[in-house]
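# Structural features, examined
Now for the letters of each chain:
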Amino acid sequence: MSKIFRQRLTSHITELTKYLKYVFNDFFVIALLFFIGALAFAYGNLLQHLSGGQPWEQGVILLGLVGGLQLGNLATLIQAPDQVFLAPQEFAFPSYLKRAYWYSYALSGCIQLLIWFVLLPFVSLSLGFQSLQLKELLLLMLVLKGGLLDFQVGQLYLARPLTTIARISGAWLLPFGITAVAVLGWPLVSLLLGCGYLAGVLYWSRERSVALNWKWLVRTESRRMQRLYQIFALFTDVPTLPARPRRRRWADSWLRWLQQDQAHLYLNLYFRSFVRNSTESDLYVRVIFLGTIILLCLSNQLMAIIIAWLLIYMTGVQLTPFAGYFRQNSLLQIYPVTGAEQAQNFHQFYVSLIGIEIILFSLATWWGTSSLWSGAVTLAGGLLLLFGLIKTVVRHQLNKNRRETYAD
Amino acid sequence: MGLQVNNLTGGYSSVPVIKDETFDVQSGELVSLIGLNGAGKSTTINHVIGLMTPFSGSITVDGIELQQNVRQYKQQLAYIPEMPVLYPELTLREHLDVTMMAYQLDRTTAWKRAHELLRRFRLDNKLDWFPANFSKGMRQKVMIVCAFVTDARLFVIDEPFTGLDPLAIDDLLELITERKRQGAAILMSTHVLDTAEKYCDRFILINDGHINYEGPLAAMQKRYADTGSTLTDIYLAMARDGQHE
């Protein structure tokens, strides 16, 4: 089983490397450098104005540490067919999971180290921690992360998944309480409590280790991969994993406005699938929401306009592969609907969604920078971008789609 | 008129899988496509429904070729695939809505027919379910209901009995018989030979992309008298001969 994990890990890393090449393209690296520079500058300014010992500062540190602990989940690299093909080897699974645990721990340990390093000056100035206490804080983070990963391993062996309350208590409330003790000024006590948490989780998970819950195992790994792919999807085409649709009845009254005839068949399909497919719609809503908040807070006109355009471009690129969402459905190839009608319907769908984004971002830029001119430039540039996207990437996607789907 | 296939040769990339096939399915007729795995049944069906383009030969439905008029050709055709393909984000009700939109059906009449079909296949209380909540058999029933809600002139049915319960099989056969009586042409591929023998008017036996035999059971029994009297006996003997050749 260890060998299987090693093989899986090699192909997983190869896959990640392939996608990371797309993510860290020249434009993005330049944008990222600017962004990190701006953040570092703002952070430096903030540190200069820290008075120390303020409750809000403790709150920020606590949220930063506990939030950071949630980054980097258990990566089991399990695939759906494993529940059939590897089931006979279930007795040997602990060695597989052990490797998965240490791989995940190495990654998330690095993340904890990075978060600790970034928070270091803030903690020193605000809480007045000395070198030893800072090291205790780092150790606490590493111990708690180990406990959290063990908590995830333990859940793989539960016949019935934990209730939401139990999961939140184990993964959020306990680490929150323990970290709070450190932030309140007792890092050593907190570290001891952290060790107790780790020991408790280990005892709990060993007590329950009977049979693997394959359904849970496959589901959690599939969700983890889905989250990874969502990030990569902003930059390139990624494989789509099946996501469970959500009914979202509240949207029915809006969807009823769509014309229900042959010429609008695809418009109905695109909108309904988009609304109920949380992978696509959640990402869109998140970008719109966060983008609007950021733009409302930005007073620098140039920065606001560039960020708005960048987000519009990224959403546009992200939405484009949705044109081929139904390509695998042979029924649509049987239906008496033409490729031209599909393309027209996708344009309507695409323009509606990106159009909403352009309007919201233009208004937010106007409000944030208090400049009508900035809002107008965002709007004009956004519309130009939309036009450019339709004429390039969308056209390319639709042509590809048409070649693979239709005889007309 | 029904379906007319003339000298059809086709396959994947440049390799022909089916070779020079000629057959027809007349209106009001149920014709069964029979063959071993890999014999070319699904490839034939994929050509008929327009998923594949023939290398040579022609396919017409009620006298219309796909290349002549895509919309009209497809408007006359309904298909039930072997593996149900449903939209994960659409409820059963919305699947029917989409079918009605696609085939430009009159809503009132189509929904009346849909409700009858839903009742017949015991799906009438599951209109707001997502496909993810359906069993394999139930998904197949959704495909059947969506196909038979249309006014198609040709029904192409690929291995319809897989995963269906005995009651649903009986209901489907009854439905096929009704539509046949109303003048629809039905092409069905199946491995369930006993059922095919009872219900089909003619048989097309395919082996290695060639049509080995086409005709009614009585003629087949006369021609292969020494192999047995049932379709299963005759077909098994032919298939074994084909394997040994």
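Remember, it's a predicted structure, so these values are computed and weren't measured experimentally.

Quick notes on the rules
- Residues numbered from 1 in each chain as written.
- Chains lettered and ligands numbered in written order.
- Predicted model: local features only at pLDDT ≥ 70, side-chain atom pairs only at ≥ 80, totals over all residues.
- Pairing = 2+ DSSP bridges.
- Helix = DSSP H or I, 4+ residues; strand = E, 2+ residues; numbered from the N terminus.
- Contact = placed C-beta atoms within 7 Å.
- Axes fitted to C-alpha atoms, helices over the stretch in contact; angles between N-to-C directions.
- UniProt positions renumbered as here; feature names shortened; annotations may be inferred.
- pLDDT = per-residue confidence, 0-100.
- Nonpolar A, V, L, I, M, F, W, Y, C, P; charged D, E, K, R; others polar.
- Buried ≥ 20, exposed ≤ 12 C-beta atoms within 10 Å, placed from the backbone.
- Core = buried A, V, L, I, M, F, W, Y, C linked by C-beta atoms within 7 Å.
- Right-handed = clockwise from strand over helix to strand, strands pointing away.
- Parallel < 35°, antiparallel > 145°, perpendicular 65-115°, else oblique.
- Left-handed = near helix turned anticlockwise from the far one by under 90°.

## Some details on the sheet that holds strand 5 (residues 64-65) of chain B
Residue and element names in this part refer to chain B.
- A sheet is described by the order of its strands in space; here 4 strands give the open sequence 2-1-4-5, paired in antiparallel fashion. The open sheet has two free edges, formed respectively by strand 2 (15-25) and strand 5, since each of these has just one partner strand.
- Where strand 1 (residues 3-12) meets strand 2, 7 bridges bridge the pair, whose relative direction is antiparallel. Residue pairing for strand 2: Gln-4 is matched across the bridge by Asp-24.
- Along the sheet face, helix 1 (residues 41-48) touches strand 1, strand 2 and strand 4 (56-61) and points at about 115 degrees away from the line of strand 1.

## Details of the UniProt feature "domain: ABC transporter" (unreviewed entry) in chain B
- Taken from the UniProt record, the annotation "domain: ABC transporter" (unreviewed entry) applies to residues 3-233 of chain B.
- Secondary structure across residues 3-233 of chain B comprises 37% helix and 26% strand; the distance between its end C-alpha atoms is 28 Å.

## A few points about the confidence of the model for chain B
All names here are of chain B.
- When the pLDDT values of chain B are averaged, the result is 90; 98% of them are 70 or greater.
- Taken element by element, chain B is modelled with least confidence in helix 9 (residues 231-244), mean pLDDT 79, and with most confidence in strand 8 (residues 185-189), mean pLDDT 96.
- Taken over the whole predicted complex, pTM reads 0.70, whereas the ipTM for its chain interfaces reads 0.74.

## Observations regarding the interface of chain B and chain A
- Counting from both sides, the interface comprises 26 residues of chain B and, opposite them, 24 residues of chain A.
- Breaking the side of chain B that touches chain A down by element, the ones donating at least two residues are helix 2 (70-75), strand 6 (77-80) and helix 3 (92-102) of chain B.
- Residue composition of the side of chain B that touches chain A, grouped by class: 17 nonpolar, 4 polar and 5 charged.

## As for unusual backbone geometry
All names here are of chain B.
- One non-glycine residue with positive phi stands out, namely Asn-7, at about 45 degrees.
- Its place among the elements puts Asn-7 in strand 1.
- With a phi close to 50 degrees, Asp-208 is a non-glycine residue in the positive phi region.
- Position of Asp-208 among the secondary structure elements: in the loop between strand 9 (202-207) and strand 10 (210-215).
- Since 15 C-beta atoms lie within 10 Å of it, Asp-208 is described here as partly exposed.

## Remarks on the nonpolar core
- Residues B:Leu77, B:Val145, B:Val156 and B:Ile186 are the most contacted members of the largest nonpolar core, which totals 106 residues.
- Not counting residues up to four positions away in its chain, the partners in contact with B:Val145 are B:Ala114, B:Leu117, B:Leu118, B:Phe121 and B:Leu123.
- Counting residues in each nonpolar core, the second largest holds 41 residues, with A:Val123, A:Leu144, A:Ala171 and A:Leu212 among its members.

## Side note on the pairing of strand 8 of chain B
Residues and elements named next belong to chain B.
- Burial analysis of strand 8 places 5 of its 5 residues in the buried class, which makes it a mostly covered element.
- Going residue by residue along strand 8, you find Ala-185, Leu-187 and Ser-189 tucked away on one face and Ile-186 and Met-188 tucked away on the opposite face as well.
- Sheet topology places strand 3 (residues 30-35) next to strand 8; 4 bridges connect them, and they run parallel. Looking at the pairing, Val-31 lines up with Leu-187 of strand 8.
- With 5 bridges joining them, strand 7 (residues 154-158) and strand 8 adopt parallel strand pairing. Of the residues in strand 8, the one forming a bridge with Val-156 is Leu-187.
- Each parallel crossover has a hand, and the one from strand 7 via helix 6 (residues 166-181) to strand 8 is right-handed.

## Some words on the packing of helix 3 (residues 55-69) of chain A against helix 7 (residues 164-183) of chain A
Residues and elements named next belong to chain A.
- Direction vectors running N to C along helix 3 and helix 7 enclose 140 degrees, while the axes themselves pass 10 Å from each other. One way to sum up the angle between helix 3 and helix 7 is to call them oblique. Crossing of helix 3 over helix 7 shows right-handed handedness. Mapping the contact onto sequence places Gln-58, Ile-61, Leu-62, Leu-65, Val-66 and Leu-69 in helix 3 and Pro-175, Phe-176, Thr-179, Ala-180 and Val-183 in helix 7.
- Partitioning the contact of helix 3 with helix 7 into residue classes produces 9 nonpolar, 2 polar and no charged.

## Quick notes on the pairing of strand 3 of chain B
Residues and elements named next belong to chain B.
- Burial analysis of strand 3 places 6 of its 6 residues in the buried class, which makes it a mostly covered element.
- Burial along strand 3 is two-sided: the residues Leu-30, Ser-32 and Ile-34 and Val-31, Leu-33 and Gly-35 are all buried.
- Relative to strand 9, strand 3 runs parallel, the two being bridged by 5 bridges. From the neighbouring strand, Val-31 faces strand 9, where its bridge partner is Arg-202.

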